[in-house]
Amino acid sequence: MLDDLSVPALLLSMVHMTGDETILDGPDRPLGNYLNEVQGFMSPESQAAVRARALDVIRSFRDGGHQLPPPPTPATLRRMMDFLLGQEIPEEYVPLLVEELELDGVDLREVVLDPTIGADVKEAFHVVVIGAGMSGLLAGIRLGQAGIPYTIVEKNAGAGGTWWENRYPGCRVDVGNHFYCYSFAPDDHWTEFFAQQPELQAYFDHCMHRYDVVSHVRFGTEVMRARWDDEEARWTVETRGADGATSTLVGNAVVSAVGQLNRPKIPDFPGLDSFAGTVMHSARWDPEVALAGRRVAVVGTGASAFQVVPTIAPDVERLTVFQRSAPWMFPNPHYHDAVGPGVPWAIRHLPFYGRWYRFLLFWPACDGGLPAMRVDPDWPHQDRAVSEINDAAREFFTGWMAEQIGDDPELLAKVVPDYVCLGKRTLQDNGTWLTALTRENVELVTEPITKITSAGVVDATGTEHEVDVLVFATGFHANRYLWPMEIAGRNGMVLSEQWGDEPTANLGITMPNFPNLFCLYGPGTNLAHGGSMIFHGECQVRYLMGCLEQLLLRPNGVMECRQDAHDTYIERFDAEHAGMIWSHPSIRNSWYRNEAGRVTVLSPWRLVDYWAWTRQPNLAEFDISSRG
Ligand SMILES: Cc1cc2nc3c(=O)[nH]c(=O)nc-3n(C[C@H](O)[C@H](O)[C@H](O)COP(=O)(O)OP(=O)(O)OC[C@H]3O[C@@H](n4cnc5c(N)ncnc54)[C@H](O)[C@@H]3O)c2cc1C
């Protein structure tokens, strides 16, 4: 069992079991920290020495009746954090990390409402949540804990959103699963470190039942429009069931949890309708479509293609991959590793092993990646990199690709991106992508697609690639938030018109003219520099609960983001983005940006800042009133 474990996390569990702080002074210690490096660069000998000692410690702990010594003092806890990461953690991160760790078993992200809010007040209140993905379920869990009535409307037949819909072969998460789960509901059952879609869907389903959210969800029901009634201080939400029947729901507040990556996008290629074979989007995968022995085309080389291509390549007769721009990738040899039995065992039996392991995954994804994405105006080679560290990443990543390809300069030229490294979604790779591209039955086409015919795909050289199945791994309408719903706010203001191609929201959550409407995973909240969407979701839902508390504190409460607060935030948002890599001119197309090239989708902020700003709403940023 011990062989399966992260030795740095094991060392800290040993501190808990023994109360012996001198473990932190010993020679066997993590030397540093890096994304996906869970052994802290410790030598095999050092790891073996710790495992041997751990066996004695665990035996004594068992024989002593699992009695824990007094918990570490705050000072010791601080030392433990620094020890685990092999570096001194800046003080401003400590409260966030203590909260993430949750060693005292207290879920600090649960909002306990003002005790003066009576049960009758809560009962008279109703929240409509749109979407039962990770965010909507999270909102449901928190609303339930607070005793606030709510209904979740979900267009699909089941929960999980992203993880319900994306069933293409090879679909898996890119953030280590022991971190990509709710902080208050860690899971010890993951069978892979980066679990595949069925396991993720099952996890969200499990949470939905465990926290009794399920009885609040109306599945197979799509929200078509919502209208704000300012006199009544209510939203009227119109829905349509799978059978076409419409109905309405009334809510004091509406929470949009519709995700950024939920509406598949298929480019409008001429002739697409004439294609005689099968067409699928990666997020609308039909498992009934047989691929074995058939000619398949995958359009796109982004995150979904990166997973689907290596998975189906061995089965199909021919696979033609159409690339508009090559993805940057970084090595993670453990990407497809199975979790050994020791990990769930340790999470269940070794005190706080699981919490420290989560911490180990969280920290390198917590703002550590941002410096390599900041533009250093003094860096002289802006054409190829935005800073010295970004250039070093470019060298490293290029070396990783060149090493795999060997002597094939033509393929290398095709797969090394021509834009700055880290400027678009960077993918983690254990070698399967380039292995797939070098297969005999796989061809990478970099010429643009000009049209689709009944028989296949024609590229700019005029070559027709005949295929039986056409897969679009072309992403989503990420910039069209809340689309295609029609949301009418104060004075009939329509959200899609207010936004146009520039969706904006204060903290990505609230918009002027749309009182009592809150977005989760809203404009400018996607993360390309670290973290996980669950972390961001937990920040947003805590903020949401703080807002709902304000509404509950007054009869028919109305809370609307002030225009000046919104504008100030967006000015800061744009100014921050101006110094970030995602706007670099070498990036010709990116789903992070709108048509005009403005980054609308991503957060530029440090996680620690976003976390601090969303702990509770700043009431000065709202017009708050009461209609009663
Ligand atoms: C293939 C893929 C891989 C990903 N990998 C990662 C990763 O590794 N790490 C990470 O942090 N994030 C990842 N993401 C991002 C992922 O979307 C988030 O992590 C998270 O799942 C978002 O949850 P959500 O609930 O906000 O949105 P979603 O999961 O998109 O859920 C939105 C829900 O709203 C419903 N809905 C939408 N419109 C309506 C309507 N009008 N009426 C009723 N219901 C509606 C949808 O049916 C859906 O169930 C990935 C996304 C994709 C597509």
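Preceding this section is the structure that the text describes.
The model shown is predicted, which means the values in this text are computed figures rather than measured ones.

Analysis parameters
- Residues numbered from 1 in each chain as written.
- Predicted model: local features only at pLDDT ≥ 70, side-chain atom pairs only at ≥ 80, totals over all residues.
- Heavy atoms only, no water.
- 1 Å grid on protein atoms, 1.4 Å probe; cavity = no way out; pocket = protein on both sides within 12 Å on 5 of 7 lines; lining within 4 Å.
- Points joined across faces, edges and corners; volume = space filled by probe spheres on them.
- Helix = DSSP H or I, 4+ residues; strand = E, 2+ residues; numbered from the N terminus.
- Nonpolar A, V, L, I, M, F, W, Y, C, P; charged D, E, K, R; others polar.
- Buried < 20%, exposed > 50% of the residue type's maximum accessible area, 1.4 Å probe, protein only.
- Polar contact = N/O pair within 3.5 Å; in protein donor to acceptor, adjacent residues only side chain to side chain.
- Contact = heavy atoms within 4.5 Å.
- Near = heavy atom within 4 Å.
- Axes fitted to C-alpha atoms, helices over the stretch in contact; angles between N-to-C directions.
- Parallel < 35°, antiparallel > 145°, perpendicular 65-115°, else oblique.
- Left-handed = near helix turned anticlockwise from the far one by under 90°.
- Pairing = 2+ DSSP bridges.
- Salt bridge = Lys/Arg side-chain N within 4 Å of Asp/Glu carboxyl O.
- Core = buried A, V, L, I, M, F, W, Y, C linked by side-chain atoms within 4.5 Å.
- Patch = residues over 30% accessible without salt bridge, like charges linked within 9 Å, V, L, I, M, F, W, Y side chains within 5 Å.
- Areas by Shrake-Rupley, 256 points an atom, 1.4 Å probe, with all protein chains shown as cover.

Novice: Looking at this model, I keep getting lost on the layout of surface pockets. Mind explaining?
Specialist: To find leftover empty space, one rolls a probe the size of a water molecule over the atoms. Roughly 510 Å³ of internal volume is contained in the second largest pocket. Along its surface, the second largest pocket is lined by 29 residues, and N36, V38, F193, H334 and D337 are the ones closest to its centre. Broken down by secondary-structure element, the contributors of at least two residues to the lining of the second largest pocket are β11 (329-331) and α11 (353-362). No other element matches α11, which puts 3 residues into the lining of the second largest pocket. For the lining of the second largest pocket, a count of residues per class yields 16 nonpolar, 9 polar and 4 charged.

Novice: Honestly, the environment of T438 in this entry has me stumped. Any pointers?
Specialist: Its place among the elements puts T438 in the loop between α14 (432-437) and β13 (442-445). The exposure class of T438 is partly exposed, given its relative accessible area of 43%.

Novice: What is the right way to look at the side chain of N526 in this model?
Specialist: Summarising the element assignment, N526 is placed in the loop between β19 (517-519) and α16 (533-552). Given the relative accessible area of 5%, N526 is considered buried. One polar contact links N526 to Y521, side chain to side chain, over a distance of 3.3 Å. When neighbours within four sequence positions are excluded, N526 is seen to be in contact with Q260, Y521, M533, W591, V601, L602 and S603.

Novice: Looking at this structure, I do not really get the site of the ligand. What am I missing?
Specialist: By nearness alone, 34 residues border the ligand, and S135, E154, T162, D174 and Y180 come closest of all. Between M134 and the ligand, the recorded distance is 3.0 Å, taken from a backbone N or O atom to an oxygen atom. Between the ligand and the protein, one listed contact pairs an oxygen atom with a side-chain N or O atom of S135 at 2.5 Å. Listed by contribution, the elements that provide at least two residues to the shell around the ligand are α6 (134-146), α7 (162-165) and β4 (221-229).

Novice: What's the story with empty space enclosed by the protein in this structure? I'm lost.
Specialist: On inspection of all chains with the given rule, the structure shows 3 cavities of 30 Å³ or more. Of the volumes computed, that of the largest cavity is approximately 80 Å³. Lining the largest cavity, in full, are V258, G259, Q260, L261, N262, R263, H477, A478, R480, Y481, L482 and W483. Its residues assigned to classes, the lining of the largest cavity shows 6 nonpolar, 4 polar and 2 charged. Size it by volume and the second largest cavity reaches roughly 50 Å³. Taken together, P503, T504, A505, P523, G524, Y569, I570, F573, R598 and T600 form the lining of the second largest cavity.

Novice: Can you walk me through the packing of helix α1 (residues 7-18) against helix α3 (residues 74-85) in this structure?
Specialist: To characterise two packed helices, one gives the angle between the axes of the helices and the distance between these axes. Closest axis-to-axis distance for the α1/α3 pair is 9 Å, and the angle between their directions is 160°. On the basis of their axis angle, the class for α1 and α3 is roughly antiparallel. α1 and α3 meet at a crossing whose hand is right-handed. The residues of α3 that touch α1, namely those facing P8, A9, L11, L12, V15 and H16, are M80, F83 and L84.

Novice: Teacher, can you tell me more about the sheet that holds strand β15 (residues 456-459) here?
Specialist: Strands belonging to one sheet form pairs held by backbone hydrogen bonds; the direction of such a pair is parallel or antiparallel. Taken in spatial order, the 3 strands make up an open sheet running β14-β15-β16, and their pairing is antiparallel. Strand pairing shows two members of the sheet lacking a second neighbour, β14 (449-452) and β16 (464-466), which therefore form its edges. Across this sheet, the average inter-strand angle for adjacent strands is 25°, counted without regard to direction. The sheet contact formed by β14 and β15 spans 3 bridges and is antiparallel. Within β15, the residue paired with I449 across the bridge is D459.

Novice: Even after reading the chapter, I still don't get the pattern of salt bridges, so can you show me in this structure?
Specialist: Pairs can form between side chains of opposite charge whenever their charged atoms are close. Here the structure, examined in full by the defined rule, presents 34 salt bridges. We note a salt bridge from E466 to R295, for which the minimum N-O separation is 3.4 Å. Of this pair, E466 sits in strand β16 while R295 sits in strand β9 (residues 295-299), placing them 171 residues apart in sequence. A residue is classified by how much of its surface remains accessible, and E466, at 45% relative accessible area, is partly exposed. According to the relative accessible area criterion, R295 is partly exposed, its value standing at 25%. Residues joined by salt bridges that share partners form a network here, namely E99, E100, R109, R358, E538 and R542.

Novice: What exactly am I supposed to notice about the nonpolar core here?
Specialist: Taken as a class, soluble globular proteins show a tendency for nonpolar side chains to be buried jointly. If you look at the biggest cluster of nonpolar residues, it comprises 191 residues, and the most contacted ones within it are V127, I148, Y182, L319, W356 and L548. Sort the elements by how many residues they give to this core and α16 lands first, with 12 residues. What L319 contacts, discounting residues up to four positions off in sequence, is V296, V298, V309, I312, A313, N441, V442 and E443.

Novice: It is not clear to me how a nonpolar patch on the surface should be interpreted in this structure. Could you clarify?
Specialist: On the surface, a cluster of nonpolar side chains totalling about 520 Å² of accessible area is made up of L31, Y34, L35, F41 and F396. Here F41 is to be found in the loop between α1 and α2 (44-63).

Novice: Even after reading the chapter, I still don't get the side chain of E102, so can you show me in this structure?
Specialist: Mapped onto the fold, E102 is located in the loop between α4 (94-101) and α5 (119-123). Beyond its immediate sequence surroundings of up to four residues, E102 is in contact with D107, S183, F184 and R355.

Novice: Can you help me understand the environment of A505 in this one?
Specialist: Tracing the sequence through the fold places A505 in the loop between α15 (495-499) and β19. Under the relative-accessibility criterion, A505 is labelled buried at 2%. A sequence separation of 17 residues divides A505 from G522, and the C-alpha atoms of the two residues are 7.4 Å apart. Residue contacts for A505: discarding those within four places in its chain leaves T510, M511, P523, H566, Y569 and I570.

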